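Coordinates in review
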Amino acid sequence: MKKYVLFLFSLLTLLCIVTGCGGEKKAEGPKVLKVGTEVTFPPFEFREKGSKEISGFDMDLIRAVGKKLDMQVEILDMDFEALIPAVKRGNLNLVIAGMTITPDRQKIVDMSEPYYESGLSLVVRKENTSLQKPEDLKGRAVAVQLGTTGEEKAKQLAGDKVRSFKTNEEVFQALKEKAVDAIILDKPVAQYYINKHHPDAVIVGDTFAKESYGIVTRRHGELTPKINKALAELKQSGEYDKIYEKWFGKEPAKK
Ligand code: GLN
């Protein structure tokens, strides 16, 4: 009898080891981080010609953040103005879209520590010498992207002649077709479009309205401190600088 009990006990122990005893569950695979962006904002987020993949500085940065959080990154392209509402509703875990940290946005969502220093610029057709500074825009037709800080600034400067488009491609097209006299757009993005696709356009004057980009998460959500920690670690380890150099060259990193 004693032997029998001992045998049963050993068998149970063995079973326990093999099945894990129903205690700790098998480790789950990495969770998915649903990331929203808008792809007409090169070199931060864009599709290279003929490629389906979304590349850019923001994309490399968020993939590195995803690795730090041990989460798989899924990138979704949406209209810029739909991004914040989607985070609010919980359809997206975060947004990285060259989005400027503003007090108004911070009332609705959390924004991370700054990860890039930017600013707005004024773009005109090369032959147009009458527009030299933001103040010259009064009453002029200005193209901007819907829902952006550029749109807000243009409305302050130009009044009701501002024309808002969903994509920055349409914004540049409007300038080319002379439907508008100027564009207000983030400087690095304006520079990219001019260099690559619109040699007839030019940036005039200095950058105005200095802005910092931040990653958007749900207000008071548990993700915000994690993102900030990951960003700090990437800056510390030199990974941030590597990504920066890949997209902007050796100029000093604008963290
Ligand atoms: N930085 C600007 C903003 O936050 C534009 C961003 C964008 O068009 N992707 O409004």
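Let me sum up the structure you'll find in this document.

This part covers helix 7 (residues 187-196). For the α-helix, the turn length of 3.6 residues means that residues three or four positions removed from each other point alike. Within the span of helix 7, buried status applies to Pro 188, Val 189, Ala 190, Tyr 192, Tyr 193 and Ile 194. Contacts from the buried residues of helix 7 go to strand 2 (40-41), strand 3 (45-47), strand 8 (116-125), helix 6 (168-176), strand 11 (182-186) and strand 12 (201-213).

Glancing now at the sheet that holds strand 5 (residues 71-77). By way of backbone hydrogen bonds, the strands of a sheet pair with one another, either parallel or antiparallel. Spatially, the five strands line up as an open sheet ordered 5-1-6-13-7, and their pairing is mixed. Since the sheet does not close on itself, it has two edges, and those belong to strand 5 and strand 7 (109-111), each with one partner. Of the strand pairs in this sheet, strand 1 (residues 31-37) and strand 5 are connected by seven bridges, and their pairing is parallel. Bridging from a neighbouring strand, Leu 33 pairs with Val 73 of strand 5. Sheet strands in contact with helix 2 (residues 57-68) are strand 1, strand 5 and strand 6 (94-95), and its direction is about 150° off that of strand 5. Where helix 8 (residues 223-237) meets the sheet, it contacts strand 1, strand 6, strand 7 and strand 13 (216-218), and its direction lies at approximately 150° from that of strand 13.

Looking now at unusual backbone geometry. Omega for the peptide link from Pro 42 to Pro 43 comes to 0°, which places this bond in the cis form. Mapped onto the elements of the fold, Pro 43 is located in the loop between strand 2 and strand 3. Here the phi dihedral of His 220 falls at roughly 55°; this positive angle occurs in a residue that is not glycine. Looking at the element boundaries, His 220 is found in the loop between strand 13 and helix 8. Residue classification places His 220 among the exposed positions, given a relative accessible area of 66%.

Time to look at the environment of Leu 137. Its place among the elements puts Leu 137 in the loop between strand 8 and strand 9 (142-145). For the pair formed by Leu 137 and Lys 161, sequence separation is 24 residues and the distance between their alpha carbons is 9.8 Å. Beyond its immediate stretch of four places on either side in the chain, Leu 137 contacts Leu 122, Leu 131, Val 142, Leu 157, Ala 158, Ala 182 and Ile 184.

Glancing now at the pattern of salt bridges. Per the stated rule, a full pass over the model turns up 14 salt bridges. With a closest N to O distance of 3.1 Å, Asp 79 and Lys 166 form a salt bridge. Taken as a pair, Asp 79 in the loop between strand 5 and helix 3 (80-89) and Lys 166 in the loop between strand 10 (162-165) and helix 6 lie far apart in primary sequence, 87 residues in all. Lys 166 sits in the partly exposed class, given a relative accessible area of 43%. Its salt-bridge partner being Lys 178, residue Glu 127 comes within 3.8 Å of it at the nearest N-O pair. Separated by 51 residues along the polypeptide, Glu 127 in the loop between strand 8 and strand 9 and Lys 178 in the loop between helix 6 and strand 11 bring together distant segments of the chain. The exposure class assigned to Lys 178 is exposed, which follows from its relative accessible area of 55%. One salt-bridge network, in which partners are shared between bridges, spans Arg 125, Glu 127, Arg 140, Lys 178 and Asp 181.

Assignment of secondary structure puts Ile 183 in strand 11. Separated by 33 residues in sequence, Ile 183 and Gly 150 have C-alpha atoms that sit 8.6 Å apart. Among residues more than four places away in sequence, those in contact with Ile 183 are Ser 121, Leu 122, Val 123, Val 142, Ala 143, Val 171, Phe 172 and Leu 175.

Attention now goes to helix 6. Those residues of helix 6 that fall on the buried side of the exposure criterion are Asn 168, Val 171, Phe 172, Ala 174 and Leu 175. One face of helix 6 carries all of its buried residues, which in axial projection span an arc of 155°. After helix 6 finishes, the residue Lys 178 shows a positive phi value of roughly 65°.

Where helix 6 meets helix 7, the closest approach of the two axes is 12 Å, and the angle between their N-to-C directions is 60°. Here helix 6 lies oblique to helix 7, going by the angle between them. For the pair helix 6 and helix 7, the sense of crossing is right-handed. Where helix 6 approaches helix 7, its residues Asn 168, Glu 169 and Phe 172 are matched on the opposing element by Ala 190, Tyr 193 and Ile 194. Looking at the contact of helix 6 with helix 7, its residues break down into four nonpolar, one polar and one charged.

The rules behind the values
- Residues numbered from 1 in each chain as written.
- Predicted model: local features only at pLDDT ≥ 70, side-chain atom pairs only at ≥ 80, totals over all residues.
- Heavy atoms only, no water.
- Buried < 20%, exposed > 50% of the residue type's maximum accessible area, 1.4 Å probe, protein only.
- Helix = DSSP H or I, 4+ residues; strand = E, 2+ residues; numbered from the N terminus.
- Contact = heavy atoms within 4.5 Å.
- Pairing = 2+ DSSP bridges.
- Axes fitted to C-alpha atoms, helices over the stretch in contact; angles between N-to-C directions.
- Salt bridge = Lys/Arg side-chain N within 4 Å of Asp/Glu carboxyl O.
- Arc of directions from axis to C-beta.
- Parallel < 35°, antiparallel > 145°, perpendicular 65-115°, else oblique.
- Left-handed = near helix turned anticlockwise from the far one by under 90°.
- Nonpolar A, V, L, I, M, F, W, Y, C, P; charged D, E, K, R; others polar.

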